[in-house]
Amino acid sequence: MALAFSLSKDFAVSAIGSMTSKAALLGVEAIVLITVILALHMVIQFLFAKKDEPPVVPYWMPFIGSAIAYGQDPYAFFFRCRQKYGDVFSFILLGKKMTVCLGTQGNDFVLNGRLQDVNAEEIYKNLTTPVFGSGVVYDCSNAILMEQKKFLKFGLTTEALQSYVPLFEGEFYDFLSHSPAFQGFEGSICVTKAMAELTIFMASRTLQGKEVRPKFDSTFAELYHDLDMGFTPVNFMMPWLPLPANRRRDHAQHTLANTYIEIIKARRNLEEGQPLTENDMIWHLMSCRYKNGNPIPDQQIAHMMIALLMAGQHSSSSIASWIMLRLASRPDIAEELYQEQVRVLGPSDKGQMKRLTYEEIGLLNLNSLVVKETLRLHAPIHSIMRAVKLPLTVQTNKPSELESRLYNIPTPHVLLSAPGVTAQSSAHFANPSSWDPHRWEAQPTVKDGDEKVDYGYGLVTKGASSPYLPFGAGRHRCIGEQFAYLQLGTITALMVRQFKLRLADGETDVPKTNYMSLFTRPLDPAIIRWESR
Ligand code: HEM
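Just so it is clear, the structure is predicted and the values come from calculations on it, not from any experiment.

## Thoughts on the overall build of the chain
Counting its regular elements, the chain contains 18 helices and 14 strands. Once the C-alpha set of the chain is aligned to its principal axes, its extents read approximately 95 × 70 × 55 Å. Here the chain holds 533 residues, and the buried ones make up 49% of them. Look at the contacts in the chain between residues 6 or more apart in sequence, and 72% of them connect residues 24 or more apart. When the accessible surface of the chain is split by element, carbon and sulfur atoms take 60% of a total near 25,900 Å². Averaging the locations of the 52 positively and 52 negatively charged side chains of the chain gives two centres separated by 4 Å.

Have a look at this one:
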């Protein structure tokens, strides 16, 4: 029995052994085969490289291409490739050929490209239409988008912005009194969470109006979150995937849109002659007409309001978080900001500084330089893309070549502009990686440039030669710049007035950047310590 067992055990061991060695052999063969295929794939890339097109960054994995290197740290990838290939090169991103155009000329080439040559909606539509809703932004012709941008921009008048500052301030103090993270005389906060909440309360109270704001304390917060989950990279390609997250996105979009439509209807039913007490965007859009004389349909107003909320929120909350982290890492600059307020605004009778106004925010010079410098290093949109609609030619230099050369960029390519590269280049900014708001006092000439152009939503600077374009350039330039500066300037001034900030114990620098989200932000946990003044 024992022998039989031992024999069968030996047999089993040898059978398993031979199976294992067969499997191992197969495994080795598979590895060899894959290596050969990948090596061949690399050789083919070199042999069949099109000399008249921009050089392509070599890649091992078909379809995936350079997605991992680019996705992990796009700036490191761009700077590395720029050293090797110059300002113009291509890389494969999930089966698409992306042609990157860097430098001030590259920014200009992509962002100020002609309408017939380059197209934004083809790139962004999949992602944005299910979130914003139909008929607006990238789900309409560019001419209609330009009209819609005009409506939104002209709704952000100086008068409207002036009326926003007390509302911002009210929201700020309300937030401090309710937030568990700010109770007592000192404590610590997760800055990304705190700034996301604060900025959405502020934006909803001002841009969205007084009926919408209370909803952010209850139903809207969750719906907003579900909608936001629609902004994931996979939805660039497959927004229709029947995933639970996409179902929640669609439900949130319909519910939010219907709520706006009800608000609009209720406002239309207000008794004639009732005075307008608020200067908000819904009222403004209700009074606008397209060039053909038609008013904006209620559903489109609702979708534009959603777009407005989503367009500004991520960028503003990301920059607000970076500002707080930077100030926590540089208490000397925070103290200068405080002293600037004491000097410019003066203490009030009660020993506290008086309430802020729009004009006063404009007088706080260093305060706005802090916003400007943070936008230079931490612009939340690292890649701006356009589909190529007609074959293009671009002039550039490779690093090793003295003479410039021409490259053809054919139609299936996607153009990619990364203005953050010039903003972080030593060619334009001394010691570019250091956060130094004072640099702008010595470098006032670096601005958008003087050439202005009207694409249908008012004059904007073309930005053709500027290395600093955190709000983009050309027909798709941001219309929220003034609002963002005001909101961020107010948050900075109020936080500095209220608190002394420092980094979490044991931290010596700000966190790294999270490039995995569509809009970059500080990598969590991003904790700072605060102490009441
Ligand atoms: C720090 C804050 C912000 C930053 C850094 C920022 C940045 C940008 C950039 C780079 C673009 C150009 C995108 C492209 O060319 O494809 C853009 C467009 C836009 N932004 Fe902003 N933005 C900010 C805040 C806001 C706010 C607060 C609003 C709304 C009130 C807003 C509304 C828009 C709109 C409507 C567009 C136009 C899109 C187009 O024409 O294709 N943004 N923004």
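Read on for the rest.
## Some remarks on unusual backbone geometry
Omega for the bond connecting Asp-524 with Pro-525 falls within 30 degrees of zero, at 0 degrees, which places this linkage in the cis form. Notably, Leu-94 is not glycine yet its phi reads approximately 45 degrees, a positive angle. Tracing the sequence through the fold places Leu-94 in the loop between strand 1 (88–93) and strand 2 (96–101).

## A word on the site of the ligand
In the vicinity of the ligand lie 24 residues, with Tyr-138, Lys-149, Arg-386, His-476 and Cys-478 positioned nearest. Contacts to the ligand include Lys-149, whose side-chain N or O atom sits 2.8 Å from an oxygen atom. The set of elements that each furnish at least two residues to the shell around the ligand consists of helix 6 (142–155), helix 12 (298–329), strand 5 (384–388) and helix 18 (481–498). Here the residues of the shell around the ligand are counted per class, giving 16 nonpolar, 6 polar and 2 charged.

## As for the nonpolar core
With 145 residues, the main nonpolar core has Phe-78 and Phe-91 as its most contacted residues. Ranked by residues supplied to this core, first place goes to helix 12 with 17 residues.

## Examining the coordination of the iron atom of the ligand
A lone protein donor binds the iron atom of the ligand: Cys-478 (SG), at 2.3 Å. Relative to the assigned elements, Cys-478 resides in the loop between strand 10 (459–461) and helix 18.

## Looking at the side chain of Thr-99
Looking at the secondary structure, you find Thr-99 in strand 2. A polar side-chain atom of Thr-99 sits 2.9 Å from a polar atom in the side chain of Ser-90. Only 2.7 Å separates the side chain of Thr-99 from the side chain of His-413, close enough to count as a polar contact. Setting aside its immediate chain neighbours within four residues, Thr-99 contacts Pro-54, Val-88, Phe-89, Ser-90, Ile-409, His-413, Val-414, Leu-415 and Leu-416.

## Thoughts on the sheet that holds strand 8 (residues 414–417)
The 5 strands are arranged 1-2-8-5-3 in an open sheet whose pairing can be described as mixed. In this open sheet, the two strands that pair with only one neighbour each are strand 1 and strand 3 (118–119). The sheet strands contacting helix 4 (residues 103–111) are strand 2, strand 3, strand 5 and strand 8, and the helix crosses strand 8 at an angle near 135 degrees.

## Structural notes on the UniProt feature "transmembrane region" (unreviewed entry) in the chain
Under the UniProt annotation, the feature "transmembrane region" (unreviewed entry) is placed at residues 24–48. End C-alpha atoms of residues 24–48 are separated by 36 Å, and the span's content is 96% helix alongside 0% strand.

## Considering the packing of aromatic side chains
Counted under the stated rule, the structure contains 26 aromatic pairs. Their ring planes at 40 degrees and their centres at 5.1 Å tell us that Tyr-70 and Phe-91 sit as a pair that is tilted. One end of the pair, Tyr-70, is in helix 2 (residues 67–72); the other, Phe-91, is in strand 1, with 21 residues separating them in the sequence. What makes Phe-91 buried here is its relative accessible area of 0%. Ring-pair connections join several aromatic residues into one group, and the members of that group are Phe-175, Phe-182, Phe-201, Phe-499 and Trp-530. Here Lys-149 stacks its cationic end above the ring of Tyr-457, 4.2 Å away from the centre of that ring. In this structure, Arg-376 is placed above the aromatic ring of Phe-429, and the distance from its NZ or CZ to the ring centre is 5.1 Å.

## Considerations on helix 18
Between its first and last C-alpha atoms helix 18 spans 25 Å; for 18 residues at 1.5 Å apiece the expected length is 26 Å, and the two agree. Most of helix 18 is tucked away: 14 of the 18 residues are buried.

## What about the sheet that holds strand 11 (residues 499–503)?
In space, the 3 strands of this open sheet follow the order 4-14-11, with antiparallel pairing throughout. Every interior strand has two partners, whereas the edge strands, strand 4 (186–190) and strand 11, have only one. This sheet shows a mean twist of 30 degrees between the axes of neighbouring strands, independent of strand direction. The sheet contact formed by strand 11 and strand 14 (residues 527–532) spans 5 bridges and is antiparallel. From the neighbouring strand, Phe-499 faces strand 14, where its bridge partner is Ser-532.

## A closer look at the packing of helix 6 against helix 12
The contact between helix 6 and helix 12 brings their axes to 12 Å, and the two run at 70 degrees. One way to sum up the angle between helix 6 and helix 12 is to call them roughly perpendicular. When you trace helix 6 past helix 12, the crossing you get is right-handed. Residues Gln-148, Phe-151 and Leu-152 of helix 6 lie in contact with helix 12, whose contacting residues are Gln-300, Met-304 and Leu-308.

## So, a nonpolar patch on the surface
A contiguous nonpolar surface patch, about 770 Å² in accessible area, is contributed by Val-28, Val-32, Val-36, Leu-40, Val-43, Ile-44, Leu-47 and Phe-48. Inspection of the secondary structure puts Val-36 in helix 1 (residues 2–47). Owing to a relative accessible area of 43%, Val-36 belongs among the partly exposed residues under this scheme.

Calculation notes
- Residues numbered from 1 in each chain as written.
- Predicted model: local features only at pLDDT ≥ 70, side-chain atom pairs only at ≥ 80, totals over all residues.
- Heavy atoms only, no water.
- Helix = DSSP H or I, 4+ residues; strand = E, 2+ residues; numbered from the N terminus.
- Buried < 20%, exposed > 50% of the residue type's maximum accessible area, 1.4 Å probe, protein only.
- Contact = heavy atoms within 4.5 Å.
- Areas by Shrake-Rupley, 256 points an atom, 1.4 Å probe, with all protein chains shown as cover.
- Lys, Arg positive; Asp, Glu negative; His and termini not counted.
- Charge placed at Lys NZ, Arg CZ, Asp CG, Glu CD.
- Near = heavy atom within 4 Å.
- Polar contact = N/O pair within 3.5 Å; in protein donor to acceptor, adjacent residues only side chain to side chain.
- Nonpolar A, V, L, I, M, F, W, Y, C, P; charged D, E, K, R; others polar.
- Core = buried A, V, L, I, M, F, W, Y, C linked by side-chain atoms within 4.5 Å.
- Donors = N, O, S within 2.8 Å, 3.2 Å for Na, K, Ca; no water.
- Pairing = 2+ DSSP bridges.
- Axes fitted to C-alpha atoms, helices over the stretch in contact; angles between N-to-C directions.
- UniProt positions renumbered as here; feature names shortened; annotations may be inferred.
- Phe/Tyr/Trp six-rings, centres within 6.5 Å; stacked < 30°, edge-to-face > 60°.
- Lys NZ or Arg CZ within 6 Å of the ring centre and 35° of its normal.
- Expected span 1.5 Å × (residues − 1).
- Parallel < 35°, antiparallel > 145°, perpendicular 65-115°, else oblique.
- Left-handed = near helix turned anticlockwise from the far one by under 90°.
- Patch = residues over 30% accessible without salt bridge, like charges linked within 9 Å, V, L, I, M, F, W, Y side chains within 5 Å.
- Salt bridge = Lys/Arg side-chain N within 4 Å of Asp/Glu carboxyl O.

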